[in-house]
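These are the residues of each chain, in order.
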Amino acid sequence: LWNGFLQGYFLGFQMAPDAPITPRVAAGAALQLFGLCNVIYADTTLIFLRKPGETGYKIPQGGMFRYVSAGNYASEILEWTGYALAAWSWPAAAFAIFVFANLAPRGAQHHQWYLQKFDNYKELRRSAVLPFLW
């Protein structure tokens, strides 16, 4: 609720209504859209990971899951980093930092769980949350 108020207040009352669309704003909006599309893809992948009646654990494939164990979390981080870049405000930056601080450790735990649960998981060469970095 507080976050929504801060974001809305900035966009509605602090940002100039005729603010130009600069390359930074365009890049941020593109990154946010890319992240959003990947969030939808990742969530759909996780929802339909098992067929009805199936039990057991499976490894998600495709999208950001190709590069990281927590494709859904990585996508959320990208989405809100893009928003922060486009909005260029303290509330947006704070929210992006808090999203990372909340989801990155959870993604790292998921990565460790996959490594322990699946013997061949290391062969997929996935990072935990940030592709090719961590």
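Residues numbered from 1 in each chain as written. Predicted model: local features only at pLDDT ≥ 70, side-chain atom pairs only at ≥ 80, totals over all residues. Heavy atoms only, no water.

**Q** What is the right way to look at a nonpolar patch on the surface in this model?
**A** A cluster of nonpolar side chains, Tyr67, Phe100, Phe132, Leu133 and Trp134, forms an exposed patch at the surface whose accessible area comes to about 600 Å². Its place among the elements puts phenylalanine 100 in helix H4 (residues 90–117). For phenylalanine 100, a relative accessible area of 33% puts it in the partly exposed group. (Patch = residues over 30% accessible without salt bridge, like charges linked within 9 Å, V, L, I, M, F, W, Y side chains within 5 Å. Areas by Shrake-Rupley, 256 points an atom, 1.4 Å probe, with all protein chains shown as cover. Salt bridge = Lys/Arg side-chain N within 4 Å of Asp/Glu carboxyl O. Helix = DSSP H or I, 4+ residues; strand = E, 2+ residues; numbered from the N terminus. Buried < 20%, exposed > 50% of the residue type's maximum accessible area, 1.4 Å probe, protein only.)

**Q** Which parts of the structure should I look at to understand the nonpolar core?
**A** What tends to happen in soluble globular proteins is that the nonpolar side chains get buried as a cluster. Core analysis: the biggest nonpolar cluster contains seven residues, these being Ala70, Tyr73, Ile77, Val99, Leu103, Ala128 and Val129. Broken down by secondary-structure element, the contributors of at least two residues to this core are helix H3 (71–87) and H4. With residues near it in sequence (within four places) discarded, leucine 103 still touches Tyr73, Glu76 and Ile77. (Core = buried A, V, L, I, M, F, W, Y, C linked by side-chain atoms within 4.5 Å. Contact = heavy atoms within 4.5 Å.)

**Q** Explain the environment of leucine 36 here, please?
**A** Within the fold, leucine 36 resides in helix H2 (residues 23–47). By relative accessible area, which is 35% here, leucine 36 ends up partly exposed. Sequence-wise, leucine 36 and glutamate 79 are 43 residues apart; in three dimensions their C-alpha atoms are separated by 5.6 Å.

**Q** I'm lost on the packing of aromatic side chains in this one. Help?
**A** The description of an aromatic ring pair uses the distance of the two centres, along with the angle that the planes make with each other. Applying the stated criterion to the full structure yields nine aromatic pairs. Both rings, one in tryptophan 80 and one in tyrosine 83, keep their centres 5.6 Å apart while their planes meet at 80°; by these two values the pair is edge-to-face. Remark: tyrosine 83 and tryptophan 80 occur in helix H3; sequence separation between them is three residues, near one turn of the helix. On the basis of relative accessible area, tryptophan 80 is assigned to the partly exposed category, the value being 22%. Between the aromatic rings of tryptophan 113 and tyrosine 114, the centroid separation amounts to 5.3 Å while the plane-to-plane angle is 75°, which identifies the pairing as edge-to-face. On the basis of relative accessibility, which here comes to 34%, the residue tryptophan 113 falls in the partly exposed class. (Phe/Tyr/Trp six-rings, centres within 6.5 Å; stacked < 30°, edge-to-face > 60°.)

**Q** Any chance you could explain unusual backbone geometry here in plain terms?
**A** Most peptide bonds are trans, and most residues other than glycine sit at a negative phi. Even without glycine at this site, tryptophan 88 takes up a positive phi of about 55°. Inspection of the secondary structure assignment puts tryptophan 88 in the loop between H3 and H4. Phi at arginine 125 is positive, roughly 55°, even though this residue is not glycine. Summarising the element assignment, arginine 125 is placed in the segment after H4.

**Q** I'm lost on H4 in this one. Help?
**A** One full turn of an α-helix is made of 3.6 residues, so residues set three or four places apart face in the same direction. Over its 28 residues, H4 extends 40 Å from the first C-alpha to the last, a length consistent with the 40 Å expected when each residue adds 1.5 Å. The set of residues buried in H4 consists of Ala92, Ala96, Val99, Leu103, Ala104, Gly107, His111 and Tyr114. Capping the start of H4, serine 89 holds a side-chain oxygen 3.1 Å from the backbone nitrogen of alanine 92, two or three residues further along. (Expected span 1.5 Å × (residues − 1). Polar contact = N/O pair within 3.5 Å; in protein donor to acceptor, adjacent residues only side chain to side chain.)

**Q** What's the story with H2 in this structure? I'm lost.
**A** Here H2 is 25 residues long and its end C-alpha atoms lie 36 Å apart, about the 36 Å a rise of 1.5 Å per residue gives. All of the buried residues in H2 are Val25, Gly28, Gly35, Asn38, Val39, Ala42 and Thr45. Here the buried face of H2 lies against H3.

**Q** Explanation requested: the packing of H2 against H3 in the structure shown.
**A** Any two packed helices are characterised by how steeply their axes cross, that is the angle between the axes, and by the distance between the axes. Remark: H2 packs on H3, axes separated minimally by 7 Å, with the N-to-C direction vectors making an angle of 160°. As far as their axial angle goes, H3 and H2 are roughly antiparallel. Remark: the crossing between H2 and H3 carries left-handed chirality. Of the residues assigned to the contact of H2 with H3, the class counts are 14 nonpolar, nine polar and four charged. (Axes fitted to C-alpha atoms, helices over the stretch in contact; angles between N-to-C directions. Parallel < 35°, antiparallel > 145°, perpendicular 65-115°, else oblique. Left-handed = near helix turned anticlockwise from the far one by under 90°. Nonpolar A, V, L, I, M, F, W, Y, C, P; charged D, E, K, R; others polar.)

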